[in-house]
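Structure assessment
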Amino acid sequence: MGLTRTLSIRALTLITVLILVVFFIVIILGATGTSDKILQAMVNEEVMMLRQSLAKTIKDPQELEKVIEIRKQGLMEFYGLTKPWYVRLPDMAWRVLTLDLGKARTLKTFAGGNKVSDIVMERLTNTIILVTSATVISAIVGLVLGVRIATRVGGILDRISSYLSAISYAIPTWWIGIILILVFAFLLRLFPFGGLYSTPPPSDFYMKLLDILWHAALPVATLVIASVGVWIYTTRTIVLNTAQEDFVNAARAKGLPEELVRRRYIMRVAAPPILTNVILGLATSISGAILTETVFNWPGLGRLFYDAVLVMDEVVVIALTYIFTLVYVVARFLLEVLYVILDPRVRY
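Residues numbered from 1 in each chain as written. Predicted model: local features only at pLDDT ≥ 70, side-chain atom pairs only at ≥ 80, totals over all residues. Heavy atoms only, no water.

A word on the overall build of the chain. The helix and strand tally for the chain stands at 13 helices and zero strands. Taken from the N to the C terminus, the helices and strands of the chain come in the order α-α-α-α-α-α-α-α-α-α-α-α-α. Against the compact-globule benchmark of 20 Å for 348 residues, the chain has a radius of gyration of 26 Å, which places it well outside the compact range. Projecting the C-alpha coordinates of the chain onto the three principal axes gives extents of approximately 100 × 60 × 35 Å. Sequence separation of at least 24 residues holds for 70% of the intrachain contacts in the chain that already meet a minimum separation of 6. Of the roughly 19500 Å² that the chain leaves accessible, carbon and sulfur atoms contribute 67%. Averaging the locations of the 33 positively and 25 negatively charged side chains of the chain gives two centres separated by 8 Å. (Helix = DSSP H or I, 4+ residues; strand = E, 2+ residues; numbered from the N terminus. Rg over C-alpha atoms; globule rule 2.2 N^0.38 Å. Contact = heavy atoms within 4.5 Å. Areas by Shrake-Rupley, 256 points an atom, 1.4 Å probe, with all protein chains shown as cover. Lys, Arg positive; Asp, Glu negative; His and termini not counted. Charge placed at Lys NZ, Arg CZ, Asp CG, Glu CD.)

What follows is the structure, given as structure tokens:
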């Protein structure tokens, strides 16, 4: 009963965080006047285009202004500018919280639709192919090499990994991406410069899949190079610190086999912090990689967020912020449950 009650409190706390994130986004967009300026600019642009179109057919200036004014009032009502921001934006936030994401102001799907849910789902697959795949590769390499290095502290592999982790952490991903493009796309011509498909894309499903993987090779390599060193060093540090605990030395003093000590006394205890990095890394990967996706012109959620901020499509900005926070909340709650299963010392 105590465990259930504690997990329920944690769930409510995380849900509160989710609501507060959306609340603060609404406050920032509304109280600063950013939302009104964005929508007013969109109305003015549409009115200007309408004026140019109607001027060719309506010669009477008074009649033209009357038609334009009627159309302008209709646009003001459509975008909600006839209402104050504290009435307009909370309604939008509530619809987002209930996953009724609505329609984007400017951005569209590849097919031309403007439903936010369709735009997000269309880009989500691309982000999983790119960023999540790179995260999985980095995590696997980091776990395998990190555990191996932790048992051979001070060796050549340990020193090399320490230097590589510092270098990979310090080098910006966009710089690595540009270098890979110059070498493998421009000089060697082994991979494309960017994009999701070739032009025109293959019609066969399997050829299309291979084409996507071919285009994803360089951006995935960029993200792996930028993060694998940190994964290796973090895993090595966690396992090494656990291996120096008193209970591990006591197990060895009892004469237990080293393999049993490593599996039961080291890896079992080191699993929760390592799992935290893996779960939160996968959750973060859903938000995409803005710079890498921009450099390689990859249409993922990171690039979508960049485009939404660039054109100030507030509906998409709020929806993406909510989705990213929702994924984080789910990941955090999953960790709360897994901690109890993996670490026998954790008891609420």
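Having put the structure on the table, let's press on.
Non-glycine residue Arg-189 carries a positive phi angle of around 55 degrees. Notably, Asn-297 is not glycine yet its phi reads approximately 50 degrees, a positive angle. Here Asn-297 falls in the partly exposed class, since its relative accessible area comes to 44%. (Buried < 20%, exposed > 50% of the residue type's maximum accessible area, 1.4 Å probe, protein only.)

Closest axis-to-axis distance for the helix α5 (residues 116-150)/helix α8 (residues 205-243) pair is 6 Å, and the angle between their directions is 35 degrees. You can see that α5 and α8 cross each other, and the crossing is right-handed. For the contact of α5 with α8, the per-class residue count stands at 23 nonpolar, six polar and one charged. (Axes fitted to C-alpha atoms, helices over the stretch in contact; angles between N-to-C directions. Left-handed = near helix turned anticlockwise from the far one by under 90°. Nonpolar A, V, L, I, M, F, W, Y, C, P; charged D, E, K, R; others polar.)

Counting across every chain of the model gives three salt bridges. Of the charged contacts in the structure, one is a salt bridge between Arg-236 and Asp-158, with a shortest N-O distance of 3.0 Å. One end of the pair, Arg-236, is in helix α8; the other, Asp-158, is in helix α6 (residues 156-170), with 78 residues separating them in the sequence. Side by side, Arg-236 and Asp-158 carry an identical accessibility label, which is buried. Put simply, Asp-307 and Arg-303 hold a salt bridge, and the shortest N to O gap is 3.3 Å. Taken together, the residues Asp-307 and Arg-303, both in helix α12 (residues 301-310) and four residues apart, mark about one turn of the helix. Accessibility expressed as a relative area gives 18% for Asp-307, which makes it buried. (Salt bridge = Lys/Arg side-chain N within 4 Å of Asp/Glu carboxyl O.)

If you walk through the whole model with that rule in mind, you get three aromatic pairs. A centroid spacing of 5.3 Å and a plane angle of 80 degrees characterise the contact between Phe-205 and Tyr-206, whose relative ring orientation is edge-to-face. This pair shows no difference in class: Phe-205 is exposed, exactly as Tyr-206 is. (Phe/Tyr/Trp six-rings, centres within 6.5 Å; stacked < 30°, edge-to-face > 60°.)

So, on to the environment of Ala-185. With respect to the element layout, Ala-185 can be found in helix α7 (residues 173-187). Here Ala-185 falls in the buried class, since its relative accessible area comes to 2%. Beyond its immediate chain neighbours, meaning those up to four positions away, Ala-185 contacts Leu-180, Phe-191, Pro-192, Phe-193 and Leu-218.

Keep in mind that these numbers describe shape and distance, not what the molecule does.
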